[in-house]
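Topology and contacts: notes
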Amino acid sequence: MKKLTLLFFVITSTLIAQTDAKIYDIINAVSSERIKADVKTLTEFGTRNTFSDTVSNTRGIGAARRWIKSEFDKISTDCNNCINTFYQKDFVTKEGNRRVPHDAWIVNVVAIQKGTKYPNRYVIMSGDIDSRASDTMDFTTDAPGANDNASGMAGTIEAARVLSKYKFESSIIYVGLSGEEQGLFGGAGLAKYAKEKGWEIIGILNNDMIGNITGVDGVIDNRAFRIFSEPVPANETERQRRMRRFYGGEVDGISRQLARYIHKNTKTYMPEMNPMMIYRLDRFGRGGHHRPFNDLGFAGIRIMEAHENYTQQHQDIRTENGVNYGDTFEHVNFGYAKKLTAVNAINLASLAWAPEAPKEVAIGGIVEASAKLKWSKVDGAKGYKIYWRDTTSPTWDNSRYIEATEFTLEGIVIDNFFFGVSSVGENGHESVVVFPNKIMR
């Protein structure tokens, strides 16, 4: 009996060590009521079209972005000025841009919660400020944009409220991006700004439509959500492309690893949710605000609802043939928006609490019975996890924790699996997995 009790204790202790109670606290702290109130406020600006009124205090994108900044400022005041809020902007002109009705400033609202140890390392959550009517050039017609994308913007503000109560080693950015509907201008501007400032970006979690559970196909689902990610970086070198033909990695780029991280972390802490990894940059032929970051070589994914309703996207408010069109407040499910906000918050926290990922991971074992891995030492890491999976598996299914910087997986043939390595902190939080980027002979 004593042996059974001891065994139970050991197993229980191991399971507890694999999770962090603070993550559950973060999930519970997210408020559907606060998200609902914020979505309501955003819809009441009439239209948030990128080229709408910037002078009024009650209507247009100018009033909306000032309100968003004021919310971030309030959050900062509540956490003893732990968040620095500012506008980042770029000028776009009508000339050469078919979706730009007139020259204007594209203004993003940026809120940075600085990390205690790695202030120049950032993980980003974004929502879009702007909305649109049926005609994207129409900047005067009412376009409440409740789900697209007041839901993502409200989720970003709510994540800031919750996470501002904690301190993290790496920095977290909460941002409202503009100009999405006209050509991803806001994301492009911030990505360029990040490059110029030398920011080390762990990844961007772009949230675009996180509040609809009733699909145009008739499916109602408040647990499934999609994670879109591109397979390999858009700016990879020709040498990297050639190496893939011989060593693999067609679905193992940095954005895809970020997607796997979110999938695993969600299944660990929110097992009731059904994350769907979609092996595509975005929806078929369409784009989102993570793409400009991908274009510059940063990891980035899109989180969004699984079942869309196209009668409520990019539509003037009207009734035709008994169908109510328009992206209005009553169509948003705030319990669902809360869940997806929590998904973001726990992944922001986990990444910001984790050590840096290994910069270099070498692999060997060609024509041998075992796979060999060696990687660069990471400051602040207590240990590392070697992951491997079947070549046809979408997720990292096998792992081994060690505290050295090299290891041989005896009996694991390199030809039959894909491999990766993550770093693990004293607190148990892991970095994103790094696919081998060097060959050992």
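In the block above lies the structure referred to throughout.
Conventions we followed
- Residues numbered from 1 in each chain as written.
- Predicted model: local features only at pLDDT ≥ 70, side-chain atom pairs only at ≥ 80, totals over all residues.
- Heavy atoms only, no water.
- Axes fitted to C-alpha atoms, helices over the stretch in contact; angles between N-to-C directions.
- Helix = DSSP H or I, 4+ residues; strand = E, 2+ residues; numbered from the N terminus.
- Parallel < 35°, antiparallel > 145°, perpendicular 65-115°, else oblique.
- Left-handed = near helix turned anticlockwise from the far one by under 90°.
- Contact = heavy atoms within 4.5 Å.
- Nonpolar A, V, L, I, M, F, W, Y, C, P; charged D, E, K, R; others polar.
- Disulfide = S-S within 2.5 Å.
- Buried < 20%, exposed > 50% of the residue type's maximum accessible area, 1.4 Å probe, protein only.
- Patch = residues over 30% accessible without salt bridge, like charges linked within 9 Å, V, L, I, M, F, W, Y side chains within 5 Å.
- Areas by Shrake-Rupley, 256 points an atom, 1.4 Å probe, with all protein chains shown as cover.
- Salt bridge = Lys/Arg side-chain N within 4 Å of Asp/Glu carboxyl O.

The next point concerns the packing of helix α5 (residues 146-163) against helix α11 (residues 334-353). Axes are the key here: two packed helices are described by the angle between their axes and the distance separating the axes. Close contact between α5 and α11 brings their axes to 9 Å; oriented N to C, the two are set at 50 degrees. Relative to α11, α5 is oriented oblique. When you trace α5 past α11, the crossing you get is right-handed. Between α5, through Gly 155, Glu 158, Ala 159 and Leu 163, and α11, the contact on the second element is made entirely by Thr 341, Ala 345, Leu 348 and Ala 349. In terms of residue class, the contact of α5 with α11 is made up of five nonpolar, two polar and one charged.

This part is about the state of the cysteines. Applying the stated criterion to the full structure yields one disulfide. Across the disulfide, Cys 79 is cross-linked to Cys 82 (sulfur-sulfur distance 2.0 Å). Given an S-S torsion of about -85 degrees, the disulfide between Cys 79 and Cys 82 has left-handed geometry. For Cys 82, a relative accessible area of 22% translates into the label partly exposed.

Interhelical geometry of helix α2 (residues 21-29) versus α11 gives an angle of 150 degrees and a closest axis separation of 9 Å. The orientation of α2 with respect to α11, classified from their angle, is roughly antiparallel. Handedness of the crossing formed by α2 with α11: right-handed. The residues of α11 that touch α2, namely those facing Lys 22, Ile 23, Ile 26 and Ile 27, are Lys 338, Ala 342, Ala 345, Ile 346, Ala 349, Ser 350 and Trp 353.

The grouping of Phe 246, Tyr 247, Ile 366 and Val 367 at the surface amounts to a nonpolar patch, some 470 Å² of accessible area in total. On the secondary structure map, Val 367 appears in the loop between β11 (361-364) and β12 (371-375).

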